[in-house]
Amino acid sequence: MVQQETLDRVFAGLADPTRRDILIRLGTGPATISELTEPTGMSLTGMRKHVRALEDAGLVVTQKVGRSRHCRLNPAPLDAAMAWISFYRRLWARRLDGLDAYLTLTTEDRDHDAPDPPDPTASGHA
């Protein structure tokens, strides 16, 4: 149950394009909230809310240094999300491969059992 809640928070954090942009920026190195705000034109309050959502998801770690808050990326929760995605990707790939094999067999069986179609060039008169 705890892992499910963690995944919910990670995917909620990734669901917003502004938060994804923040993660991309932090992928190049730490930044203050002010530095994250500059290119967006967003208010500091708005940026703090996005950073807080990323902190709640465990994707960002912040530290207060003097009057500013420094942010850095924490990729560990992304690893958990990727493991979950990979598991279900493999599961569905196996199921779809099985469905493909079944459909191929049933189509071959149906084609094998079907009578030959009439020859359109042959005349019905003898």
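Residues numbered from 1 in each chain as written. Predicted model: local features only at pLDDT ≥ 70, side-chain atom pairs only at ≥ 80, totals over all residues. Heavy atoms only, no water.

A.B. asks: How should the pairing of strand S3 (residues 68–73) be read in this particular structure?
C.D. replies: Two faces, one strand: in a regular strand the side chains alternate between the faces of the sheet. Pairing analysis gives two bridges linking strand S1 (residues 31–32) to S3, with the strands arranged antiparallel. In the strand pairing of S3, Ala 31 is matched with Cys 71. Alignment of strand S2 (residues 60–65) against S3, held across six bridges, turns out to be antiparallel. Note on S3: the bridge partner recorded for Gln 63 is His 70. Hairpin connection between S2 and S3: a loop of two residues separates the two successive antiparallel strands, and Gly 66 in this loop has a positive phi of roughly 65°. (Pairing = 2+ DSSP bridges. Helix = DSSP H or I, 4+ residues; strand = E, 2+ residues; numbered from the N terminus.)

A.B. asks: Is there a simple way to think about the nonpolar core in this case?
C.D. replies: Nonpolar side chains tend toward joint burial in soluble globular proteins. Formed by 16 residues in total, the largest nonpolar core has its most connected members in Ile 22, Leu 26, Leu 36, Val 51, Val 60 and Cys 71. Put simply, the parts of the chain that give this core at least two residues each are helix H1 (2–14), helix H2 (17–26), helix H3 (33–37) and helix H4 (44–56). In contact with Ile 22, not counting residues within four places along its chain, are Leu 36, Met 47, His 50, Val 51 and Leu 54. (Core = buried A, V, L, I, M, F, W, Y, C linked by side-chain atoms within 4.5 Å. Buried < 20%, exposed > 50% of the residue type's maximum accessible area, 1.4 Å probe, protein only. Contact = heavy atoms within 4.5 Å.)

A.B. asks: What should I look at first to understand the environment of Pro 77 in this one?
C.D. replies: Its location among the elements puts Pro 77 in helix H5 (residues 76–113). Put simply, Pro 77 and Phe 11 are 66 residues apart on the chain and 9.9 Å apart in space, counted from C-alpha to C-alpha. Leaving out residues up to four positions away in the same chain, Pro 77 has contacts with Val 10, Ala 57, Gly 58 and Leu 59.

Take it as geometry only, folks, not as evidence of what the structure does.
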